[in-house]
Amino acid sequence: MRISLLLQREPFGEILEKTLSAFFTSRLEQPYAVTWAENSRAVKLTGNEQVWLCNPYLNAIYRPDAGPETLEPALREFSRSLVAWRRPLQKLYCRLAAGPITAKWLSPIRVIFSPPLPRAGELLIVGGNHRIRILDRNRGLSYVITKHGFDPTRIRNEISFRRAHPELPIPALVETADDGTWYSEKYIAATPINRLSDPGRAKPLLARAVQAVKNLAADTAAEMPLNDYCQTLQQEIRGRIAGSHLLSEQQKKKLNSQCDSIIRLIDKENPDASTLTAAQTHGDFQSGNILIEDNRIWLIDWEYTKKRQSAYDGLVYAFSSRFPN
């Protein structure tokens, strides 16, 4: 998710400050302060700071002297709009956003590091739902860090899952934190499958990605009582509804009522002895998580992986359920 959208739903600037200051303090073994400055003119610099640009629409935080090779992941993802008539304008915007002069005009936010980070011009920081990534192309590494205040269980589950399934097309793990709050993986120069300029090329590559998750489902399939599965889902849904700060009390009440109605329908139509096939799933199987590097596919962002009804990934992709429209 782009930073522009994250800013609408959470105090992303504060989260970024705490996440990166803790990570770099631990990683580089000296205290680091990170400041999110939406009004850069109000920030007084003493001379021991390093100012970065933040373009929330490119989902990119980078140094003004960063070269095109550093910005390449963001440009590759966002330079081609999914809407045909927007493509020339978006391509032009990305070119200007990466320009040595125009980049500052199109980046309304500054991120300030104190003391300066080493090799800063080679690093690109990108936002996400639950994690922040630091891309270090020159060293061939991508760091994935749990955001401050977010449950690290997801990233720990992902690490465990990836270690157990080396056969899957996932970038190789390189290093993991002792407390399981971050990991580094092999950097890949890849493009989301829905951003490929040739739709004909995407079709066979998508088939290979689908086959990978189908093989995972087949290898991990097991029968489980339908009632148990539904009760677990009901509890999880109720917990998510209760914890949401974006829903009004009326909306929460309506959603809980709808959930209860579905459970009653399932209980009515299925005897207690009914079972379903559960299997390990990706959990967020959509085009943005299917990357193409030359003629190779990569499946990324396994933070939602767990046992679910075995057709879950197929339904998520077929119904485009991760996209609001």
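All values derive from a computational prediction rather than experimental measurement.

Caption draft 1: Up close: the side chain of Asn-256. Following the sequence through the fold, Asn-256 ends up in helix α9 (residues 249–269). Residue Asn-256 is classed as buried on the basis of its relative accessible area of 16%. One polar contact links Asn-256 to Arg-238, side chain to side chain, over a distance of 3.5 Å. In contact with Asn-256, not counting residues within four places along its chain, are Arg-238 and Ile-241.

Caption draft 2: Summary view of the environment of Ala-37. Mapped onto the fold, Ala-37 is located in strand β1 (residues 33–37). Classification of Ala-37 by relative accessible area gives buried; the value is 4%. Taking the C-alpha atoms as reference points, Ala-37 and Gln-234, 197 residues apart in sequence, are found 41 Å from one another.

Caption draft 3: Expanded view of the pairing of strand β5 (residues 123–126). Both faces of β5 are covered, namely the face carrying Leu-123 and Ile-125 and the face carrying Leu-124 and Val-126. Relative to strand β6 (residues 131–136), β5 is paired through 4 bridges, and the arrangement is antiparallel. Bridge pairing in β6 places Ile-125 opposite Ile-134. Between β5 and β6, which pair antiparallel and follow one another directly, the connecting turn spans 4 residues.

Caption draft 4: Quick peek at the packing of aromatic side chains. Per the stated rule, a full pass over the model turns up 10 aromatic pairs. Aromatic side chains Phe-285 and Tyr-317 sit 5.6 Å apart centroid to centroid with 45° between the ring planes, which places their arrangement in the tilted category. Residue Phe-285 is found in the loop between β12 (275–281) and β13 (290–293), and its partner Tyr-317 is found in helix α10 (residues 312–318); the two are separated by 32 residues along the sequence. Take Phe-285: its relative accessible area is 3%, and that puts it in the buried class. In textbook terms, an aromatic cluster arises when at least three aromatic residues are bridged by ring pairs, as seen for Phe-23, Phe-24, Tyr-32, Trp-52, Phe-113, Tyr-143 and Trp-182. Sitting over the ring of Tyr-312, Arg-308 keeps its end group 4.7 Å from the ring centre.

What counts and what doesn't
Residue numbers run consecutively from 1 along every chain, following the written order of its sequence. Reporting of local features is limited, given that this is a predicted model, to residues whose pLDDT is at least 70; pairs of side-chain atoms are given and counted only at 80 or more, and all residues count toward the totals for whole chains, interfaces and linings. The side-chain figures draw on all heavy atoms in the structure; neither hydrogens nor water molecules are used. Helix numbering and strand numbering both begin at the N terminus, where a helix is a DSSP run of H or I of at least 4 residues and a strand a DSSP run of E of at least 2. A simple rule labels every residue: compare its accessible area, found with a 1.4 Å probe on the protein chains alone, to the largest value its type can have, and call it buried under 20%, exposed over 50%, or partly exposed in between. Nitrogen and oxygen atoms within 3.5 Å of one another constitute a polar contact, given that in protein one can donate a hydrogen and the other can accept it, and given that sequence-neighbouring residues count only through two side-chain atoms. Throughout, a contact is declared for two residues whenever any of their heavy atoms are within 4.5 Å. Two strands qualify as a pair provided that DSSP identifies no fewer than 2 bridges between them. Aromatic rings from Phe, Tyr and Trp, with only the six-membered ring used for Trp, were paired whenever their centres fell within 6.5 Å, and each pair was classed as stacked if the ring planes differed by under 30 degrees, edge-to-face if by over 60, and tilted otherwise. Counting as a charge over the ring demands two things of the Lys NZ or Arg CZ atom: a distance within 6 Å of the ring centre and an angle within 35 degrees of the ring normal.

Functional significance is not addressed by these values, which are geometric in nature.
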